[in-house]
Every structure is written in C-alpha cells, then in structure tokens.
Amino acid sequence: MKTLRTAIFVVAAVLTLAASAQSTRRMAFNADGTFKIAQFTDIHWCDDSVEVCKRTLQSLQAVIDAERPDLNVLTGDIVTDHPALKGWKSIIAFFEKQNIPFVVAMGNHDGEFMSKDSIYTLLTDSPMYVGVKGNHVTGYGNMTIALHAGNGSDKVQNVIYLIDSNDYAASTIFGHYDWIHFDQIDWYRRESDRFAAKNGGKPVPSVAFFHIPLIETDHVVGLPDTFGNAKERFGKGINSGLFASMLEKGNMVGVFAGHDHMNDYVGIRSEVTLGFGRCSGWGAYGTLERGARIVQLREGSRHFDTWITTAKGREAVYHSPSGITSIEENAGYLAPVKASKVKNGVNYTYYEGEILSCDEIAHLKPLHKGVTDNFRIDLYDTNDHFAYTFDALFDAPEKAVYKFRLRSDDGAQLFIDGRMIIDNDGSHSANFVVGKVALEKGLHRIEIKYFEDYMGQELLLRFQTPNIDETPVTPAMLFIAK
C-alpha cells in the first residue's frame, strides 16, 4: 500500500509540474527590492568564425557587463543558419560563461534549422538554464518563473511568463505568421488563477516575453505615452484574444516581444505596457545600435522601469505605468509658490452663456464668485450653456514629473504655474486628455477653465507620477490663501 501511495504521489507531482511548467530554480528579488531582466532578441547567430557573429558577441557582452542582470531572457530568432547544433552550443556556452540564469522563448526562424524539441534538450542540459521544455500546450518553452520575496520567504511577489508565439500560419488566408493558440491562452489563465489563489485571491503582478508581438502593440504607436523607435509596421495576423485574457485576469503589467528589428518602442494600453526589445544581433536587418531591453521589476509592485542598453551605454528610462521618461525628469522643474497662510479650498467664478471655446469665457459676465472644495461644476442648477474658472494651489507631494489627466464634457484647459498643461477645448463629448509637467515638491498654482455647451456635463482631474498610482485630485490637495 505504501509503495502504491508513493507511486500515486510521484505521478501527481509530475502531472502538477507538467501543468504548471514552472522554472526549475527558485528565484527571488534582491535585498533592495529589485529584479533586473535583460531581454536579448533576434540574435540571428550563424557561426563563431563569421565576423558579424563576433561583433554580436561583443555587443551582448557589453550589455551584460554594464547591467549585470538577474536573468537573461532570449526572445527568439536566436540561431538562424546552419550548422544550427554548433550555433546553439556556442550561444549556450556564451550565456553559461556569464554565470547568470537564462531562459529562451522561440522565434519563427529557430525551428527552421533545428527541431524545437532538440533545442530544448540542449537548453535544459545547461546548468544555467532555468526553464523547462514547456511543451504541455502548443509550442515549446511555455513556462512561468515565480519571483519570491527578497527576505527569503516563499511568498511569490511577481511572475514572469514565457510563451511560444509559434512560427507560420497554416494557411495564407490567415496571414504569414502564426499566433499564440487557445490552449496556450487557457494555460496562461489557469496559471494566473493559480498564483492569485496563493495570493489571497489578488492578481500577482506579471510580465510576459515572447517573439511575435500582439496586435495591440501596434495600437500604441502615436499615443502620447509611447516612446522609442517605431520604424516598421508588423504583419497583423490573427487576434486570438490573449490581450483580452490579460486584461480580464488583471495581473499583466508588461508584455515584450521581438521580431521587428527596427522597433524598440514601448507604450501603454489599458494600463499594460506593450513593447519591443532592441534587436541584439548584427547579422539581422535594421540599422539600430544592437543591444537589449532592460526590465527592472519592483518587488510586489505593478510599477517597473525599462530602458535600452547598448555598447554605447543606457538610453532613456521609461517608467511604467506612468509613461514618464527620464528625459522629462531631466527637464527643468517648476519651483513651488511661497504661501505662508493657506487653507483648503478652491476659488471659483461662475458664468452663463452660449460659447464654443474656453477663450470666450472672458467675454461672459461673472454671475457668482466663491470658494468650493474641488473643481465642482454642480454648484448651480443649470444643465447647459454655463462656464467656470477655478484657481487654487495644488500641493505636489513629491518632486517628480506629474502626468495630469483631464476629463471634460465640453471644453476645459488646465494651467500649472501659468503654463498650459492640457488643452481639451471645444464642444465635445466626455474624453480624457493628458499633459505632463515637472514640479518641485510643494504648492503650485493650478487653474482650470471649463464650459458646458449642451447634452451632458463632466469635469474630472487625475494625476500620477512614477511612484504614485493614478489618483483623483482631492480637496485635501487644494488650498487658497487665508
């Protein structure tokens, strides 16, 4: 009976491991609460003797020496020529030499020169490889890496997902490239639920790496918070719904792909940062300086920082989820207003009349003036054709770049220390407009002009910084002179 129970236990353990496909090594945050990932993508290795591959190794080494990451993640199109076996042995030997754990997600070209099964047999034999074959669902290398607390406890604070984005579509009707399949999405959903269940039902902040980007990555091009190079538009393919599942599960904070050698941008959609790594191999097409994307996670947080590093050094840091960059942080900061005696409140002036822009408020006759607690537009019982101007002091809680988000129906403008930060003017339905400004800690003059034309009225002001989640501006933050 004891032997039977032991056998059942072993089988159950094997099945559990196969279902979870979790990293074979325990990984944890550093004592300072950070965990640094270097994403190398599209290495396009051919042979040690080829000059372009020697140059690639120099670039890879320069990045690793500069950053000393906690984990190297390779996101596909790694060995893309014959002799593939020799090539993979060279790549594995290089990353073993760094004495840093590494993992691999497959690209569309890798399986053309050597079977994925054979590649992962080589990888899993390496003492520095911390992944698994991950072929329990479509593809290979589908796996999770649980990042434990830096204090030595078993609490999982963040999770890294690696997913095989597969190779080519079965039919040209569907487009050229394959996509992440439904059984992989189901696996992701179950893994998300498993980690959440161990976290008191709360989603565990997670990032994902794979080769072919999500369609939604194309949707952030041109948005105010998108930063980096966007020099090629990728093939659309099929939307299999992975991003929708990520939003539903509520755990995903960043998704990083490769595949496009001329793209390295990052942007935000629905509070998820979507982006590309930097092409790492000199044998690939494209003119960008070869390097890697660095992703530095913060323990147990949805906040993280990311940047590109090459042999020439670091490029600008992008803070997620604020979308604020170090370029903006290095700009001039507005000094606080000196005010010795203040009290909570907002000065307002109320008007009525038919206008179509904030500038026209100056031509209206003021009907009421007073003090209220916030930027309220419900002080008088009027549905249409009215306007307000507000004037107060905003107490900035820290020195930072502030991203303000102003929602209005109809027109509104935001001014900080006399500078227009947001222009959401004109007659329109409710919508958000974003503006950024660098502020020293302390009081800053804040003004809003607002008018309502007809059909609905709304005014809402929110802000965030690299360290503060988006939050409404509250009465406790607003002051006037006594």
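One can find the structure itself at the top, above this paragraph.
Topic: the sheet that holds strand E10 (residues 272-276)
The seven strands lie next to each other as E1-E5-E6-E7-E8-E10-E9, forming an open sheet whose pairing is mixed. The sheet is open, and its two borders are formed by strand E1 (27-28) and strand E9 (266-269), each paired with just one other strand. In terms of strand pairing, strand E6 (residues 156-162) meets strand E7 (residues 206-209) through four bridges, oriented parallel. Bridged to Ile160 within E7 is Val207. Against the sheet, helix H6 (residues 182-197) contacts strand E5 (143-148), E6 and strand E8 (252-257), and its axis sits at roughly 170° relative to E6. Sheet strands touched by helix H8 (residues 242-249): E7, E8, E9 and E10. Its angle to E10, the strand with the most contacts, is close to 145°.

Quick notes on the side chain of Asp264
As for its placement among the helices and strands, Asp264 is situated in the loop between E8 and E9. Accessibility expressed as a relative area gives 3% for Asp264, which makes it buried. For Asp264, the side chain forms a polar contact with the main-chain nitrogen of Asn229, separated by 2.6 Å. Once residues within four sequence positions are removed from consideration, Asp264 is found in contact with Phe227, Gly228, Asn229, Phe276, Gly277, Arg278, Leu288, Arg293 and Ile308.

Brief notes about the packing of aromatic side chains
Overall, the coordinates contain 28 aromatic pairs when judged by the stated rule. With a centroid separation of 5.4 Å and an interplanar angle of 10°, the aromatic rings of Tyr388 and Phe390 are classed as stacked. Here a set of aromatic residues connected by ring pairs shows up, and it is made of Tyr348, Tyr350, Phe375, Tyr380, Phe386, Tyr388, Phe390 and Tyr450. For the cation-ring pair, Lys399 lies above Tyr333, with the distance from its terminal atom to the ring centre recorded as 4.7 Å. Between the NZ or CZ atom of Arg405 and the centre of the ring of Phe432, over which it lies, the distance is 5.6 Å.

A few points about the layout of surface pockets
Where empty space is left can be seen by rolling a probe of water-molecule size over the atoms. As a volume, the largest pocket reaches approximately 570 Å³. Surrounding the largest pocket, 21 residues form its lining, Ile268, Glu271, Pro321, Arg405 and Glu470 being those nearest its centre. Secondary-structure elements contributing two or more residues to the lining of the largest pocket are E9, strand E20 (400-409), strand E23 (431-439) and strand E25 (458-464). A total of three residues in the lining of the largest pocket trace back to one element, the largest contributor, which is E23. Grouping the constituent residues of the lining of the largest pocket by class yields eight nonpolar, four polar and nine charged.

Structural notes on the sheet that holds E25
In any sheet, the strands associate via hydrogen bonds between backbone groups, in a parallel or an antiparallel arrangement. Sheet architecture is open: four strands sit in the order E23-E20-E25-E26, paired in antiparallel fashion. On the outer flanks of this sheet lie E23 and strand E26 (471-472), each paired with one strand and no other. Taken together, the two bridges between E25 and E26 define a ladder with antiparallel strand orientation. The partner of Arg462 across the bridge, within E26, is Pro472.

Notes on the pairing of strand E22 (residues 419-424)
Two strands pair when backbone bridges link them, and strand E21 (residues 412-416) and E22 are joined in this way by five bridges, in the antiparallel orientation. Opposite Leu414, over in E22, you have Ile422 as the bridge partner. Linking two consecutive strands that pair antiparallel, namely E21 and E22, is a turn of two residues; a positive phi of about 50° is found at Asp417 within it.

Looking at the nonpolar core
Counting 84 residues, the largest nonpolar core has Phe40, Phe95, Val104 and Ile160 as its most contacted members. Take this core: its biggest share by element is six residues, from helix H3 (residues 84-97). The residues touching Ile160, leaving out its near neighbours within four places in the chain, are Phe35, Ile37, Leu71, Met143, Thr144, Ile145, Leu147, Val207 and Phe209.

Things to note about the packing of H6 against H8
It is the contact of H6 with H8, at a shortest axis distance of 10 Å, that shows an interaxial angle of 10°. Relative to H8, the element H6 lies roughly parallel. In this structure, H6 uses Ile185, Tyr188, Arg189, Ser192 and Asp193 to contact H8, whose residues at the interface are Leu242, Ser245, Met246, Glu248 and Lys249.

Digging into the environment of His259
Checked against the element boundaries, His259 lands in the loop between E8 and E9. Exposure remark for His259: the relative accessible area of 9% places this residue in the buried category. For His259 and Ile327, which are 68 residues apart along the polypeptide, the C-alpha to C-alpha distance reads 27 Å. Not counting residues within four places of it along the chain, the set of residues in contact with His259 comprises Thr41, Asp42, Asn108, Tyr177, His211, Ile212, Pro213 and Tyr285. Of note is the side chain of His259, whose polar atom sits 3.1 Å from the side chain of His211.

Notes on H8
Every buried residue of H8 is listed here: Leu242, Phe243, Ser245, Met246 and Lys249. Down the axis of H8, the buried side of the element spans an arc of 160°, and every buried residue falls inside it. In this structure, the buried residues of H8 make contact with H6, E7, helix H7 (215-219), E8, E9 and E10. Phi turns positive, to about 75°, at Gly250, one or two residues after H8.

A closer look at the environment of Pro127
Looking at where Pro127 falls in the secondary structure, it is placed in the loop between helix H5 (116-124) and E5. According to the relative accessible area criterion, Pro127 is exposed, its value standing at 57%. Linking Pro127 and Phe40, residues 87 residues apart in sequence, is a C-alpha distance of 19 Å. If we ignore the near neighbours within four places in the chain, the residues touching Pro127 are Arg25 and Glu96.

Cut-offs and rules
Residues numbered from 1 in each chain as written. Predicted model: local features only at pLDDT ≥ 70, side-chain atom pairs only at ≥ 80, totals over all residues. Heavy atoms only, no water. Pairing = 2+ DSSP bridges. Helix = DSSP H or I, 4+ residues; strand = E, 2+ residues; numbered from the N terminus. Contact = heavy atoms within 4.5 Å. Axes fitted to C-alpha atoms, helices over the stretch in contact; angles between N-to-C directions. Buried < 20%, exposed > 50% of the residue type's maximum accessible area, 1.4 Å probe, protein only. Polar contact = N/O pair within 3.5 Å; in protein donor to acceptor, adjacent residues only side chain to side chain. Phe/Tyr/Trp six-rings, centres within 6.5 Å; stacked < 30°, edge-to-face > 60°. Lys NZ or Arg CZ within 6 Å of the ring centre and 35° of its normal. 1 Å grid on protein atoms, 1.4 Å probe; cavity = no way out; pocket = protein on both sides within 12 Å on 5 of 7 lines; lining within 4 Å. Points joined across faces, edges and corners; volume = space filled by probe spheres on them. Nonpolar A, V, L, I, M, F, W, Y, C, P; charged D, E, K, R; others polar. Core = buried A, V, L, I, M, F, W, Y, C linked by side-chain atoms within 4.5 Å. Parallel < 35°, antiparallel > 145°, perpendicular 65-115°, else oblique. Arc of directions from axis to C-beta.

Functional significance is not addressed by these values, which are geometric in nature.
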